[in-house]
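# Reading the structure
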Amino acid sequence: MKPSLLPIPAAALLLCSLWILPVRCCNKALCASDVSKCLLQELCHCRPMDGNCSCCKECMLCLGTLWDECCDCVNMCNPRNYSDTPPTSKSTVEEIYQSIPSLFRALTEEDTQLNWNIVTFPVVEELSHHENLVSFLETVNQPQEQNVSVEVSHSNDKEHMCTVVYFNECMSIHQCKVSCESMGASKYRWFHNACCECVGPDCIDYGSKTVKCVNCMV
């Protein structure tokens, strides 16, 4: 037996014992890489639920901005019930401030054999979830005579189309942003199941809230 080989299977066993248990509640698509790193460094080995919080600070620092989403993956906080709110119902959005509208339009003029899916829909569908709030704010903040012009402007949106691109394969949020930047998109939406959507310059909000990545739907 070679003693030098023992740490590797031992580390693998530790990962399995800690990782398999939270599978039903842990958002692995978002947390897998960072959680594995912290476990390998043995920074999240204590159990606050049992009164042992000796590693809590180190674990939180290791997970960083992912602490809120991933602390349940290392048994450091109460498990979340992701069966009620699947990853496909949650997403992260961000503006891309150095977009190239002409590039995006050129790449999405027609479907290609590339590894993505182009979807176009009316802007009014994109804005549908805002209608009640917009109507309320217009009534409270604006004179009645101005409401007419706002409503007319909104009705004209029916003529405008929003084009988005879904990549077929799952990818990290960083790769999603880089990929959308490279095709000139104005914004991107990264679903928490790792589906990536690039939002075109003619969209007003952040594209569609529906996951349509062909090979990344779970």
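Under an unreviewed UniProt entry, the name given to the protein is Twisted gastrulation BMP signaling modulator 1, and the organism recorded is Xenopus tropicalis. The heading Subcellular location (unreviewed entry) in the UniProt record of the protein holds the text "Secreted". Of the comments in the UniProt record for the protein, the one headed Sequence similarities (unreviewed entry) reads "Belongs to the twisted gastrulation protein family."

Another point: the overall build of the protein. Counting secondary structure elements, the protein contains nine helices and five strands. If you list the helices and strands of the protein from N to C, you get α-α-α-α-β-α-β-α-α-α-β-α-β-β. The burial tally for the protein puts 36% of its 218 residues in the buried class. Of the contacts made within the protein by residues no fewer than 6 positions apart, 64% connect residues no fewer than 24 positions apart. Working note: accessible area of the protein is about 13,000 Å², and carbon and sulfur atoms make up 57% of it.

Our focus in this paragraph is the nonpolar core. By size, the foremost hydrophobic cluster in this structure holds 51 residues, and its most contacted members are Val-35, Val-74, Met-76, Val-164, Phe-167, Cys-180 and Cys-198. Taken domain by domain, the makeup of this core includes at least three residues from each of domain 1 (25–82) and domain 2 (85–127 + 160–217). Filtering out sequence-adjacent residues up to four positions away, Val-164 remains in contact with Phe-104, Asn-117, Ile-118, Val-119, Phe-121, Glu-197, Cys-198, Val-199, Cys-203, Gly-207 and Ser-208.

Attention now goes to the confidence of the model for the protein. Looking at the protein, pLDDT values average 75 and 71% of them are 70 or higher. Within the protein, the lowest mean pLDDT, 38, falls on helix 1 (residues 7–19), and the highest, 96, falls on strand 5 (residues 196–199). Low confidence marks residues 1–24, where pLDDT is under 50. Its contacts with residues over four positions away, or in another chain, come to 21 contacts. Per-residue pLDDT stays below 50 along residues 129–141; that stretch engages in eight contacts with residues further than four places along the chain or on separate chains.

Before going further, it helps to spend a moment on the pairing of strand 4 (residues 187–191). Side-chain positions along a regular strand alternate between the two faces of the sheet. Among the five residues that make up strand 4, five are buried, leaving the element largely enclosed by the rest of the structure. Every second residue of strand 4 is oriented toward a common face, with Lys-187, Arg-189 and Phe-191 on one face and Tyr-188 and Trp-190 on the other, all of them buried. As paired strands, strand 1 (residues 91–95) and strand 4 are joined by five bridges and run antiparallel to one another. Considered in strand 4, the bridge of Glu-94 is made with Tyr-188. The pairing of strand 4 with strand 5 spans four bridges and is antiparallel. Considered in strand 5, the bridge of Tyr-188 is made with Cys-198.

A complete count under the given rule lists five salt bridges for this structure. Residue Glu-94 pairs with Lys-177 through a salt bridge whose shortest N-O separation is 3.1 Å. Pair noted here: Glu-94 is in strand 1 and Lys-177 is in helix 9 (residues 173–182), with a separation of 83 residues, a long-range link. Of the charged contacts, one joins Asp-202 and Arg-105 as a salt bridge, the two residues approaching to 2.9 Å between their closest N and O atoms. Linking Asp-202 in the segment after strand 5 with Arg-105 in helix 5 (residues 101–107), this pair joins segments that are 97 residues apart in sequence. What makes Asp-202 partly exposed here is its relative accessible area of 40%.

Let us now look at the side chain of Arg-189. Tracing the sequence through the fold places Arg-189 in strand 4. Look at Arg-189 and you get buried, because its relative accessible area is 5%. Within the structure, Arg-189 has its side chain in polar contact with the side chain of Ser-91 (distance 2.7 Å). When sequence neighbours within four positions are dropped, the list of residues in contact with Arg-189 reads Ser-91, Thr-92, Val-93, Cys-176, Cys-195, Cys-196, Glu-197, Tyr-206, Gly-207, Ser-208 and Lys-209.

Procedures and definitions
- Residues numbered from 1 in each chain as written.
- Predicted model: local features only at pLDDT ≥ 70, side-chain atom pairs only at ≥ 80, totals over all residues.
- Heavy atoms only, no water.
- UniProt positions renumbered as here; feature names shortened; annotations may be inferred.
- Helix = DSSP H or I, 4+ residues; strand = E, 2+ residues; numbered from the N terminus.
- Buried < 20%, exposed > 50% of the residue type's maximum accessible area, 1.4 Å probe, protein only.
- Contact = heavy atoms within 4.5 Å.
- Areas by Shrake-Rupley, 256 points an atom, 1.4 Å probe, with all protein chains shown as cover.
- Core = buried A, V, L, I, M, F, W, Y, C linked by side-chain atoms within 4.5 Å.
- Domains from an automatic or database assignment.
- pLDDT = per-residue confidence, 0-100.
- Pairing = 2+ DSSP bridges.
- Salt bridge = Lys/Arg side-chain N within 4 Å of Asp/Glu carboxyl O.
- Polar contact = N/O pair within 3.5 Å; in protein donor to acceptor, adjacent residues only side chain to side chain.

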